[in-house]
Amino acid sequence: MTSSSSPSQDAQSLAQNYPEGLRADALMEEDVAWSHEIDGERDGEQFDRSERAALRRVAGLSTELEDVTEVEYRQLRLERVVLVGVWTTGTIQDADNSLAELAALAETAGALVLDGVVQRRDKPDAATYIGSGKANELRDIVLETGADTVICDGELSPGQLIHLEDVVKVKVIDRTALILDIFAQHAKSREGKAQVALAQMQYMLPRLRGWGQSLSRQMGGGKGGGLATRGPGETKIETDRRRIREKMAKMRREIADMKTGREIKRQERRRNKVPSVAIAGYTNAGKSSLLNRLTGAGVLVENALFATLDPTVRRAETPSGRLYTLADTVGFVRHLPHHLVEAFRSTMEEVGDSDLILHVVDGSHPAPEEQLAAVREVIRDVGATDVPEIVVINKADAADPLVLQRLMRIEKRSIAVSARTGMNMDQLLALIDNELPRPSVEIEALVPYTHGRLVARAHSEGEVISEEHTPEGTLLKVRVHEELAADLAPYVPAPVAL
């Protein structure tokens with residue numbers, strides 16, 4: 001066994017005995033030959049190079065649930081809200097229904113409703129919406145329930161928001177902001193997201209606020225700033241408003257480009273003379289369920305307000321074989337924010353350009369007449385008052401028979417159906433067939449078998465009354481538009497002389 005020597009002596013012997021090229025290898029062999037008992041105590045645990053570079057798992061940091069009983073202690077922290085309404089007109093039942101709808105909107109947005117109050121006033125207070133005394137009472141309710149948000153059943157001015165927040169000491173939002181939040185959660189398509197973003201910016205622009213230094217003016221003019229200034233520049237809040245306006249202009253251009261693509265599709269349908277039917281109605285009235293029942297579209301159906309925002313167009317066929325398109329539109333709600341009507345105007349044009357509107361109303365709702373009035377107000381805003389309308393009273397299986405009778409007595413062109421069970425769907429299809437505009441020209445033509453394309457066009461673009469196959473060709477009696485009638489005119493049989 002060799003005796004150990006000092007490191008300096010080892011280095012001198014290596015320099016004398018090994019050439020320059022082999023000195024490094026000899027040093028590595030010397031390192032490998034070190035004793036673990038001696039060097040282990042000096043350097044601690046030794047690792048290979050690959051082990052030193054590898055990821056090292058640290059034990060005891062995982063928070064994965066090992067026992068299913070622990071799940072009940074992991075509850076999602078929902079926003080706790082108190083609802084406030086101002087009752088100015090109508091009955092107390094109308095005010096309660098409006099606040100109940102606000103509660104459904106808040107639940108859809110993901111909030112936990114703790115309480116709701118209504119204040120009877122001739123008009124909302126200009127400062128705090130409900131008056132200073134009632135605002136103090138609202139603060140006590142917020143403290144008692146532990147709420148962190150107050151939602152007002154109306155659109156508040158920027159001043160009302162600030163003053164009410166100063167009194168209740170928690171966040172205050174209005175009905176418009178709540179609906180915008182729901183739209184932002186449910187928008188899926190690129191166009192839907194752009195429309196919601198534009199509406200949100202329109203809403204936020206007059207409500208921007210700043211505190212302290214946020215309102216200070218920037219340095220203006222002069223070379224390099226400092227003392228050489230020409231005066232105060234724009235404030236921080238003015239800068240924010242300018243940037244929002246620039247984003248809004250960009251968003252409007254993007255929406256206009258998307259509108260062009262949808263307009264091209266509409267022109268193609270018009271060129272092919274395909275009738276269009278638009279499904280409009282109050283939110284959660286069952287429009288998507290009706291579309292699925294009539295066409296098998298497979299659109300998302302959920303018992304929630306504004307579950308679907310993006311318009312869906314599907315091809316359908318009447319019992320007589322006529323083709324038409326069925327379009328599902330965005331749901332409406334009472335006091336629909338003006339920003340949303342403007343932002344979704346391009347989407348709502350599907351209603352104005354249609355040949356027939358299926359106005360869906362929830363027959364099981366406490367106030368279906370109010371739903372009808374709210375939807376017709378929006379239809380009037382988008383300029384679709386001249387389009388024929390069929391009132392489809394949905395959820396008839398769960399509705400009060402007296403309410404159904406009352407609605408059908410008031411609405412002469414109406415039908416009660418159930419999209420869930422399929423009740424009266426055949427009658428609805430027959431009604432659509434009768435109400436769709438019919439081609440204006442009735443013609444009888446003997447089309448040679450070599451011109452089968454004309455026969456196919458007669459089936460797809462017109463209404464075939466009778467069809468008979470003869471040795472000379474196909475004898476058609478059809479109702480078609482003027483363009484197709486001109487193409488069939490050479491094959492009209494000559495009248496038989498008596």
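Check the entry above for the structure.
Definitions and limits used
Residues numbered from 1 in each chain as written. Predicted model: local features only at pLDDT ≥ 70, side-chain atom pairs only at ≥ 80, totals over all residues. Heavy atoms only, no water. Helix = DSSP H or I, 4+ residues; strand = E, 2+ residues; numbered from the N terminus. Contact = heavy atoms within 4.5 Å. Areas by Shrake-Rupley, 256 points an atom, 1.4 Å probe, with all protein chains shown as cover. Expected span 1.5 Å × (residues − 1). Buried < 20%, exposed > 50% of the residue type's maximum accessible area, 1.4 Å probe, protein only. Pairing = 2+ DSSP bridges. Axes fitted to C-alpha atoms, helices over the stretch in contact; angles between N-to-C directions. Parallel < 35°, antiparallel > 145°, perpendicular 65-115°, else oblique. Left-handed = near helix turned anticlockwise from the far one by under 90°. Nonpolar A, V, L, I, M, F, W, Y, C, P; charged D, E, K, R; others polar.

S.K.: Help me understand the overall build of the protein, please; the structure alone is not making it clear to me.
M.R.: On a plain count of helices and strands, the protein comes out with 18 helices and 13 strands. Intrachain contacts of the protein at a sequence separation of at least 6 include 66% that bridge at least 24 residues. Of the roughly 29100 Å² of accessible surface on the protein, a fraction of 52% belongs to carbon and sulfur atoms.

S.K.: Could you clarify how one ought to interpret helix α9 (residues 190–204) in this entry?
M.R.: In a regular helix each residue adds 1.5 Å, so 15 residues correspond to 21 Å; α9 covers 21 Å between its end C-alpha atoms and thus fits that length. Within α9 the residues assigned to the buried category are E191, G192, A194, Q195, V196, L198, A199, M201, Q202 and Y203.

S.K.: Please clarify how the sheet that holds strand β5 (residues 276–281) should be interpreted in this entry.
M.R.: Think of a sheet as strands paired side by side through backbone hydrogen bonds, with each pair either parallel or antiparallel. The strand order across the open sheet formed by 6 strands is β6-β7-β5-β8-β9-β10, and the pairing between neighbours is mixed. Only two strands of the sheet have a single neighbouring strand rather than two, namely β6 (312–317) and β10 (414–416). Strand-to-strand twist of the sheet, defined as the mean angle between neighbouring strand axes without regard to direction, takes the value 25 degrees. Two strands pair when backbone bridges link them, and strand β9 (residues 389–394) and β10 are joined in this way by 3 bridges, in the parallel orientation. By the bridge assignment for β10, I393 is matched with A416. Those strands touched by helix α14 (residues 368–381) are β5, β8 (356–362) and β9, and its axis lies near 145 degrees from that of β8.

S.K.: What's the story with the packing of helix α6 (residues 132–145) against helix α7 (residues 158–168) in this structure? I'm lost.
M.R.: How two helices pack is summed up by the angle between their axes together with the distance between the axes. Direction vectors running N to C along α6 and α7 enclose 50 degrees, while the axes themselves pass 8 Å from each other. Comparing the axis directions of α6 and α7 gives the class oblique. Read as a crossing pair, α6 and α7 show a hand that is right-handed. Counted together, A135, N136, L138 and R139 of α6 and L164, V167 and V168 of α7 form the full contact between these two elements. Split by residue class, the contact of α6 with α7 holds 5 nonpolar, 1 polar and 1 charged.

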